[in-house]
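Residue-level structure breakdown
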Amino acid sequence: MELPQTKPSGGRILSLRRRDLLFVSLTAAVIAFDQLTKHLVRAFIDPGETVPEGWAVRLVNVSNTGAAFGILQNQGAFLVITSLIGVVAILLYYFYPPFEYWPMTAALALILGGAIGNLSDRIRLGEVTDFIDFPRYPSFNVADSSIVVGVAVLAGLLALGLPRGAPPKEEP
């Protein structure tokens, strides 16, 4: 059964099924890549080890029991609850009203995938594995990056006033 077509601003037609496929696929890809990279880091890099030495960008195995930039250390229950609330809020924001503008759909999928990736670690391990290390910057992971990129895209689109409202329909 084909779902009805919607017409986002910009004039391109995007079926609800295609929009949902983008949302689910991108969310799943972020979760899978995040979990795979964290697994590889935990399997092949000892805790606290940095490889390669002397490079500007390094891989390091760091456990984070807090949130971004090391805040809220050892507040696992609070972070799980707020993450669950965030996941529900993202889903509500996606479905009501349904997003028809694909860049916003992609941005929300990045945010959701990142939130679920880190939430999964908090529930299973009690901590999040961070591994991308730049000098003078806190270590982070794929989930963190996805959240930041998704929020930046969403904020940029909203700041630009996109998507613009559909033009008024002409009366016959």
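Position labels on residues start from 1 in each chain and follow its written sequence. In keeping with the predicted nature of the model, local features appear solely for residues at pLDDT of at least 70, side-chain atom pairs appear and are counted solely at 80 or more, and the whole-chain, interface and lining totals rest on all residues. Calculation of side-chain values draws on the structure's entire complement of heavy atoms; hydrogens and water are dropped beforehand.

**Brief notes about the sheet that holds strand 3 (residues 50–51)**
Formally: Criterion used throughout: strands pair if DSSP finds at least two bridges between them. What counts as a helix is a DSSP run of H or I of at least four residues, what counts as a strand is a run of E of at least two, and both are numbered from the N terminus.
Strand order across the open sheet formed by three strands is 3-4-5, with antiparallel pairing between neighbours. With partners counted over all chains shown, the strands left at the sheet margins are strand 3 and strand 5 (128–133), one partner each.

**A closer look at unusual backbone geometry**
Applied cut-off: In this scheme, a residue with accessible area under 20% of its type's maximum is buried, one over 50% is exposed, and one in between is partly exposed, where area comes from a 1.4 Å probe on protein chains only.
A cis amide bond, omega -20°, links Val51 with the succeeding residue Pro52. Mapped onto the fold, Pro52 is located in the loop between strand 3 and strand 4 (58–64). One non-glycine residue with positive phi stands out, namely Arg136, at about 55°. On the basis of relative accessibility, which here comes to 84%, the residue Arg136 falls in the exposed class.

**Overview of the side chain of Thr37**
Heads up, the condition is: Pairs of N or O atoms within 3.5 Å make up the polar contacts considered here, provided that, within protein, one atom can donate a hydrogen while the other can accept it, and that residues adjacent in sequence are counted only when both atoms are side-chain atoms. Every residue pair with non-hydrogen atoms within 4.5 Å of one another is taken to be in contact.
Mapping Thr37 onto the fold places it in helix 1 (residues 16–44). At 2.9 Å, the side chain of Thr37 and the backbone oxygen of Phe33 are in polar contact. Aside from chain neighbours lying at most four places away, what touches Thr37 is Phe131 and Val142.

**Some remarks on the packing of aromatic side chains**
Geometry of an aromatic ring pair is reported as the spacing of the ring centres plus the angle between the planes. Threshold: Under the pairing criterion, centres of Phe, Tyr and Trp rings, with the six-membered ring standing for Trp, must be within 6.5 Å; the plane angle then separates stacked pairs below 30 degrees from edge-to-face pairs above 60, leaving the rest tilted.
Counted under the stated rule, the structure contains four aromatic pairs. For the pair Phe23 and Tyr94, a centre-to-centre distance of 3.7 Å together with 10° between the ring planes defines the contact as stacked. Here Phe23, found in helix 1, pairs with Tyr94, found in helix 2 (residues 76–95); they are 71 residues apart in sequence, far enough to count as distant. Aromatic ring contacts, followed pair by pair, group Phe23, Tyr94 and Phe95 into a single cluster.

**Observations regarding the nonpolar core**
Which entries qualify depends on this criterion: In these notes, a set of buried Ala, Val, Leu, Ile, Met, Phe, Trp, Tyr and Cys residues joined through side-chain atoms within 4.5 Å is what counts as a nonpolar core.
Core analysis: the biggest nonpolar cluster contains 16 residues, and Phe23, Val87, Ile90, Met104, Leu108, Leu112 and Leu154 have the highest contact counts within it. Those elements giving two or more residues to this core turn out to be helix 2, helix 3 (102–125) and helix 4 (142–159). Looking at this core element by element, the count peaks at eight residues for helix 3. Core analysis: the second largest hydrophobic core is formed by six residues, Val41, Ile132, Phe140 and Val142 among them.

**A short note on helix 3**
Inclusion rule: Here, expected helix span is obtained from the residue count minus one, scaled by 1.5 Å.
Over its 24 residues, helix 3 runs 34 Å from end to end, which matches the ideal 34 Å to within 8%, given 1.5 Å per residue. For helix 3, a buried count of 18 out of 24 residues is recorded, marking the element as mostly surrounded by other parts of the structure. Gly126 sits one or two residues past helix 3 and shows a positive phi near 80°.

**Some points on the pairing of strand 4**
As judged from the two bridges shared by strand 3 and strand 4, these two strands associate in the antiparallel manner. For Thr50, the partnering residue across the bridge sits in strand 4 and is Val60. What sits between the antiparallel neighbours strand 3 and strand 4 is a turn of six residues, in which Gly54 has the positive phi angle 85°.

**Section: the pairing of strand 5**
Among the six residues in strand 5, six count as buried, and that is most of the element. Sheet topology note: the strand 4/strand 5 ladder contains five bridges and is antiparallel. Opposite Ser63, over in strand 5, you have Thr129 as the bridge partner.

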